[in-house]
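Coordinate analysis (summary)
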Amino acid sequence: MNIVVIGTGYVGLVTGVALAEIGHDVCCVDIDAFKVAQLKKSISPIYEPGIEELIEKNINAGRLTFSTDLKAAVTDSSIVYLAVGTPQKQDGSANLEYIEEAAMNIAQSISQDTVVVVKSTVPVGTNRYLKKFIQNKTPYKISIVSNPEFLREGVAVKDVFHGDRIVLGADDDIALEQLEAVNQGFQIPIFKTGLESAEMIKYASNAFLATKISFINEIANICEKVGGDIREVSAGMGMDHRIGSSFLQAGIGYGGSCFPKDTLALNQIAKNSGYDFKLIQSVIQANKAQQLKLVKVLKSHYNSDLKGKQIALLGVAFKPETDDIREAASEVIIKELLWCGAKISIYDPVAAANMKAVFGEEIHVAETIEEVLYQADAALVVTEWDEIKKIKLEEFSSQMKHPLVLDGRLVFDKDQMKKAGISYYSIGTGELQLNEPVYI
Ligand code: UGA
């Protein structure tokens, strides 16, 4: 089947490539000519393991093309996917500017009845509105299918072929059947539903996962006061299949382009409807506090005097296997530490340049783990990259001025740290254990 995907961001690109991989002829369209030129050479604008190999494979197989020309692309296609961004507005609600612009372009470009498939995360009611919006501008019949995205960055290529479900929301049975046929090749259960339900499934899923994370982080904070190791608590809770073990990993909170944006948007959707969604507000608040947890511990360790202290950040990406730093705890941590007068050095295998672009000369980017630890007064574990998990404990002792490790991702073992003579704190496993006098 001929399919057009508008938007080659993370969602659009992965969707387009995956649809090509299961046998469709796909043209991915973007207004950014540079991006399109790079993609034609199989160079991905996003860091996503495995994506470039799949792009190359499908270009070579003749199933995948890239273009800036929407009108030409839709000539042979009656199925158009919309995967443009819905960034956050000041009040937390979703900005629909890009999606409306793309919808307008679709209306002006199509030359046959068309099914518009909305991948973008949009507030409940938007798909119905978009249908009218496009229909009013074209003589051809427009059907809308809401097909929310559940991919995780960093493992998107795996997720797209092994998802738990594909949600298709529509009030048009023929369009639903067509989309069911398009998605058959994924061999993933398809859940058909109404338009508004599909939109809400996306927000509710992300908000629920964010709630799980904030919940376990709050339990971790309580464990620090009353005892208990959050790793054991999470494992014990997760064994109950009603709870499930995923998204129960305590740490320095959730970041990224989805959970922070979608929880705020859902709160705004509720507010606009006159509903006060107190639970999600607490989840958001708890996450904000959690992102600064390591700084709080660091301040108390150094009696609130961080002026001139050399602080190493191990990882800055919002999670491993991505160069994405949007809404990452690292940015909040760096801002606060700079404000306190600390000197910051960061190490991240792929995201360091993105953080450098934000802070410029205010931070130092180390090329190696050895360099970031050198002469540091404290090291903060921010992202659980494999190479960070594998740091030999002697490296902390030999490189750092004061071997003090604050572990925001629970990657090291408390007892081994103690044995290695390293002062160590990790979220939810108790007080900071000191192995040396505090130098101020
Ligand atoms: C999330 C959802 O997991 C996807 O299903 C969804 O499609 C996507 O948002 C989206 O809306 O596009 P993503 O933001 O890529 O995916 O990343 P996650 O793996 O969900 O992690 C989000 C944040 O939660 C990260 O900062 C991660 O470190 C944190 N997290 C995750 C925890 O702190 N603890 C956990 O147990 C799991």
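Residues numbered from 1 in each chain as written. Predicted model: local features only at pLDDT ≥ 70, side-chain atom pairs only at ≥ 80, totals over all residues. Heavy atoms only, no water.

**Regarding the site of the ligand**
In the neighbourhood of the ligand, 20 residues make up the surrounding shell, with Leu151, Glu153, Lys202, Asn206 and Cys258 lying closest. Here an oxygen atom of the ligand and a side-chain polar atom of Asn206 are 2.8 Å apart. Take Gly255: an N or O atom from its main chain is 3.0 Å from an oxygen atom of the ligand. Here the ligand loses 92% of its free accessible area of 720 Å² to cover by the protein chains. Contributing elements (two or more residues each) for the shell around the ligand: α9 (195-226) and α11 (259-272). (Near = heavy atom within 4 Å. Polar contact = N/O pair within 3.5 Å; in protein donor to acceptor, adjacent residues only side chain to side chain. Areas by Shrake-Rupley, 256 points an atom, 1.4 Å probe, with all protein chains shown as cover. Helix = DSSP H or I, 4+ residues; strand = E, 2+ residues; numbered from the N terminus.)

**Here we look at the UniProt feature "active site" (unreviewed entry) in the chain**
When the UniProt feature table is mapped onto this chain, "active site" (unreviewed entry) is found at Cys258. If sequence neighbours within four positions are ignored, Cys258 has contacts with Asn206 and Thr263. (UniProt positions renumbered as here; feature names shortened; annotations may be inferred. Contact = heavy atoms within 4.5 Å.)

**A word on the packing of aromatic side chains**
Per the stated rule, a full pass over the model turns up five aromatic pairs. Measuring from ring centre to ring centre gives 5.8 Å for Tyr129 and Phe133, while their planes differ by 45°; the resulting arrangement is tilted. In this pair, Tyr129 and Phe133 are both assigned in helix α6 (residues 126-135), four residues apart and thus about one turn of the helix distant. The partly exposed category is assigned to Tyr129, whose relative accessible area is 38%. The exposure class of Phe133 is buried, given its relative accessible area of 14%. A ring pair is formed by Tyr254 and Phe259, whose centres lie 5.9 Å apart and whose planes are at 80°; its orientation type is edge-to-face. (Phe/Tyr/Trp six-rings, centres within 6.5 Å; stacked < 30°, edge-to-face > 60°. Buried < 20%, exposed > 50% of the residue type's maximum accessible area, 1.4 Å probe, protein only.)

**Some remarks on the UniProt feature "domain: UDP-glucose/GDP-mannose dehydrogenase C-terminal" (unreviewed entry) in the chain**
Under the local residue numbering, the UniProt record ascribes the feature "domain: UDP-glucose/GDP-mannose dehydrogenase C-terminal" (unreviewed entry) to residues 312-414. Taken end to end, residues 312-414 is 35% helix and 18% strand, and its two terminal C-alpha atoms sit 20 Å from one another.

**So, the sheet that holds strand β10 (residues 343-347)**
Judged by pairing direction, the sheet is parallel, and its six strands sit side by side in the order β11-β10-β9-β12-β13-β14 without closing on themselves. Looking at which strands have only one partner, the edges of the open sheet turn out to be β11 (363-365) and β14 (423-426). Within the sheet, the average angular offset between the axes of one strand and its neighbour, ignoring direction, is 20°. Note that strand β13 (residues 404-407) and β14 share four bridges and pair parallel. Note on β14: the bridge partner recorded for Asp407 is Ser426. Packing of helix α13 (residues 293-301) onto the sheet brings it into contact with β9 (310-314), β12 (378-381), β13 and β14, and relative to β13 it is tilted by some 150°. (Pairing = 2+ DSSP bridges. Axes fitted to C-alpha atoms, helices over the stretch in contact; angles between N-to-C directions.)

**A few points about the environment of Lys343**
For Lys343, the position within the fold is in strand β10. For Lys343, a relative accessible area of 48% corresponds to the partly exposed category. Along the backbone, Lys343 and Ser273 are 70 residues apart, and their C-alpha atoms lie at a distance of 46 Å. Discounting residues that sit within four places of it in the chain, Lys343 has contacts with Gly308, Lys309, Gln310 and Ile311.

**Quick word on the domain arrangement of the chain**
For the chain, the domain assignment lists domain 1 (2-193), domain 2 (201-289) and domain 3 (292-426). Computed over C-alpha atoms only, the centres of domain 2 and domain 3 are separated by 24 Å. Facing 16 residues of domain 2, the contacting portion of domain 3 comprises 18 residues. Summing both partners gives a buried area of about 1300 Å² for domain 2 against domain 3, and 49% of it is carried by carbon and sulfur. (Domains from an automatic or database assignment. Buried area = accessible area lost by both parts, 1.4 Å probe.)

**Quick look at the pattern of salt bridges**
For the structure shown, the criterion picks out 20 salt bridges. One salt bridge in this structure joins Asp240 and Arg242, with 2.7 Å as the shortest N-O distance. According to the relative accessible area criterion, Arg242 is exposed, its value standing at 71%. Between Arg326 and Asp324 there is a salt bridge, with the nearest N and O atoms lying 2.8 Å from each other. Through salt bridges with shared partners, a single ionic network connects Arg128, Asp171 and Glu196. (Salt bridge = Lys/Arg side-chain N within 4 Å of Asp/Glu carboxyl O.)

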